[in-house]
Amino acid sequence: MKKLMIGNEAVARGAYEAGVRVVCSYPGTPSTEITEFCAKYPEMNCQWAPNEKVAVETSFGACMVGARALSCMKHVGVNVAADPLFTAAYTGVNGGLVIAAADDPFMHSSQNEQDTRMIARSSHIPTLEPADSQECLDYTKLAYEISEQYDTPVFLRLTTRLAHSRSPVETGERADVPLKDYEKNPGKYVMMPGMARKRHLVVEKREKKLTKDADSLPINRVEMRDTKLGVVCGGVVYQYVREALPDASVLKLGMTYPLPENMIRDFAAKVEKLVVIEELEPVFERDIRNLGIEVSGKDKTGLQGELSAAKIRQLFGDGAEAPQEAALPGRPPVLCPGCPHRATFFAMKKLGLTVFGDIGCYTLCALPPINLMDSTLCMGASVGMAHGAEKARGKEFSKKAVAVLGDSTFIHSGITPLVDAVYGGASTTTVILDNRITGMTGHQQNAASGKNILGDPAPQLNLEALCEAIGATVRVCDPHNLKEFTQILKEETEADHVSVVIARRPCALLDKRRKEPSHIENCRNCGACMKIGCPALIKTDKGVVIDHTLCVGCGLCKQVCPFGAIQGGEE
Amino acid sequence: MMKNTNIIIVGVGGQGILLTSKILGYLALDMGENVKVSEVHGMSQRGGSVITHVRIGRDVHSPLVDPGEADFVLSFEKLEALRAEYFLKKDGVLISNTQEILPMPVIMGNTQYPHIDPKQEKAVLLDALKLAEDAGSARAVNIVLLGVLSRFMDWPREKWESAIEACVPAKTLEINLKAFRAGAKA
């Protein structure tokens, strides 16, 4: 029987069937589940790396000595991994190397909408793009064949709607792929100028051959129907096109870099009007126009957001407008009841700090009711930005400012800017929200959590010792000791040295202790507790009430009530 | 099933929306249908509005249900039902829990919860929370509503129940089956 799989699970199954031995990734929506599903197969050695660069370097090491390897990441993770990737394109591979990169059109869970197909073009890495879960499995296997045949890393590009959509999948057996022999080959793997110059020529030659071979690659296919309109598309957009324009002829690109130039020329000649329908950048459109073929599409679709069958029907079909959502109160995501970040941000708000924020659940603190985040740029940026702000505005500015980031984000990209702040003689304060897990992507272990990807015990990074070794003054406190935590934060922001305040309390979703919900008696409706922004506290005309189905009894509201009206919950 | 069936499932992050779409997908596949399910992971799950799309039928390409094309909207919360109503066909069926979960802007007193009823002609509105609690857990609201949906689909009861069994944790099976049966005859 076929199995219903999300695209990410099918990629993992494809890696398993392709005989992959090593998987190394950093979590990032919408790519995270690939590596989690991989970890269910004991035949594959899987690990969460501290960041995408380390992940790719680890996979590349495995591939150089003869194993098939996989690294998975979200689109912005590809930037972090770009350094090894661009040069791995020169060296080529020994065992196959595939990078699964998941783009996020519409930014369901991201800070930008960059397009991995552009990175593919600048790095000269061939790219496959499946359109449903079955293709996720099949293309993953094909990616390893192409990687080894053409001696190159290969991108498997996904988008959110593909990664997180379920469709039926027929699975196969795991191929017996032995480790390839490893022989020293500095001309191929030591990329110093003299050798890299030769390899760059190899890249150019490889790309020409791939472009030619793409014309006969079965995953690029033409479906001729009515010849009035011809559509070039790839990935999940193909599904929308089939739904919205069932009569149109379609060139479905399975390899989205390099493009099958002759196939495109032939297709263009057979149709009256040629359009490209693609999300994000006009990547296919530019490539096709560069072939001297008249084409359009981006003028209608624009750069931003996701497409859908309805949108394509409206833009390229009968023009019918789809019904619109009614205007209703929004329901933005919120920090969970009992979330330790709530206390940390409450303390920072009380001190009136400028907050250089970062990437994680705590980014939600930029929204009402907390409204306390001045910036969010990329993983780890908070620490360097606080340092830069001090350089521009002086030490007094740092006395009223903090950089804030999670434990996993700190390990990902916060360590080096902390080194820089100490080296630069700064007096910045960095708050590490140490909730013992990578939270927002759905609870992945990390180097500081003391467990590996399987949940088994693993060596645990000592954050305090690390930060002390860097030269920072380190204080550790549970933010739910609100008074003490606020005092420590005040002392350290005002101090004339680089400090790290570790706000240590496990993610509320990990805290399995069942605590009595809190309750309110004789509420004077002063509104003080409402400032913490807990979804379990509800303001009514007669006073604040606690929703017992949501309250986890963390006791934070009790600490901020000036009249002692809240009882129960954690002491 | 000859024509495509489009189902939208909505609610508040944490109400078991993903699990419900997973059960439906499993069931459709078990019934020999082609099926696509689109889920939402990541940040929006943190107590925000959550929506999943389930599409069943031979001609299904897109994993997304277009506005105005849903045969059913299954809502675990009233405001979310109102929000998802525009997905329904004219003769589509709205199945909604009457429970109201206040969103943050309402909790903060910045806006009012809209105490209005859905406009959809064919609508089943029920206190699924009560039925779930009677079955043994407030968390089984999703399965109660799945039970209501089962009344509109011509799939045998035992197939529904074996899909639930395949997808829920073993220790919650008994409560979930009770919840399903309560919804199926409510």
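Structure shown above.
Residues numbered from 1 in each chain as written. Chains lettered and ligands numbered in written order. Predicted model: local features only at pLDDT ≥ 70, side-chain atom pairs only at ≥ 80, totals over all residues. Heavy atoms only, no water.

## Some points on the sheet that holds strand β12 (residues 255-257) of chain A
Residues and elements named next belong to chain A.
Phase 1: A sheet is described by the order of its strands in space; here 7 strands give the open sequence β3-β2-β4-β5-β7-β6-β12, paired in mixed fashion. Lying at the two open borders of the sheet, with one neighbouring strand each, are β3 (45-48) and β12.
Phase 2: The sheet contact formed by strand β5 (residues 97-103) and strand β7 (residues 154-159) spans 6 bridges and is parallel. Following the sheet pairing, I99 is matched in β7 by F155.
Phase 3: Relative to strand β4 (residues 69-74), helix α4 (residues 75-91) is tilted by about 135°, and along the sheet it contacts β4, β5 and β7.
Phase 4: Along the sheet, helix α5 (residues 116-123) makes contact with β5, β6 (127-128), β7 and β12, crossing β7 at roughly 165°. (Pairing = 2+ DSSP bridges. Helix = DSSP H or I, 4+ residues; strand = E, 2+ residues; numbered from the N terminus. Contact = heavy atoms within 4.5 Å. Axes fitted to C-alpha atoms, helices over the stretch in contact; angles between N-to-C directions.)

## Looking at unusual backbone geometry
Residues and elements named next belong to chain A.
Phase 1: Backbone torsion omega between Y257 and P258 reads -10°, so that peptide bond is classified as cis.
Phase 2: Within the fold, P258 resides in the loop between β12 and α11 (261-270).
Phase 3: Cis rather than trans, the peptide bond between P368 and P369 has omega equal to 5°.
Phase 4: Its place among the elements puts P369 in the loop between β14 (354-356) and α16 (381-393).
Phase 5: One non-glycine residue, H124, adopts positive backbone phi at about 60°.

## Focus: the side chain of H53 of chain B
All names here are of chain B.
Phase 1: Among the structural elements, H53 can be located in strand β3 (residues 49-56).
Phase 2: Taking relative accessible area as the criterion, H53 reaches 6% and is therefore assigned buried.
Phase 3: A polar atom in the side chain of H53 sits 2.9 Å from the backbone nitrogen of V65.
Phase 4: Ignoring any residue separated from it by four or fewer positions in sequence, one finds H53 in contact with I7, I8, K36, V37, S38, P63, L64, V65 and F87. (Buried < 20%, exposed > 50% of the residue type's maximum accessible area, 1.4 Å probe, protein only. Polar contact = N/O pair within 3.5 Å; in protein donor to acceptor, adjacent residues only side chain to side chain.)

## Regarding the sheet that holds strand β10 (residues 226-234) of chain A
Residues and elements named next belong to chain A.
Phase 1: Taken in spatial order, the 4 strands of this open sheet run β9-β11-β10-β13, and their pairing is mixed. The sheet is open, and its two edges are formed by β9 (221-223) and β13 (273-276), each paired on a single side. The mean angle between the axes of side-by-side strands here comes to 20°, regardless of whether they run parallel or antiparallel.
Phase 2: In terms of strand pairing, β10 meets strand β11 (residues 248-253) through 6 bridges, oriented parallel. Pairing of G234 across the sheet is with L253, part of β11.
Phase 3: Of the strands in this sheet, β10, β11 and β13 touch helix α12 (residues 283-290), which is tilted by about 140° from β13.

## Quick notes on the nonpolar core
One recurring pattern in soluble globular proteins is that nonpolar side chains are buried together.
Phase 1: F345, M348, V431, L489 and L537 of chain A are the most contacted members of the largest nonpolar core, which has 69 residues in total.
Phase 2: Counting only domains with at least three residues in this core, you end up with domain 3 (340-504) and domain 4 (519-567) of chain A.
Phase 3: In contact with V431 of chain A, other than residues within four places in its own chain, are T344, V402, A403, V404, L405, F485, L489, V501 and A503 of chain A.
Phase 4: By size, the runner-up hydrophobic cluster in this structure holds 44 residues, among which are I9, A140, V141 and V148 of chain B. (Core = buried A, V, L, I, M, F, W, Y, C linked by side-chain atoms within 4.5 Å. Domains from an automatic or database assignment.)

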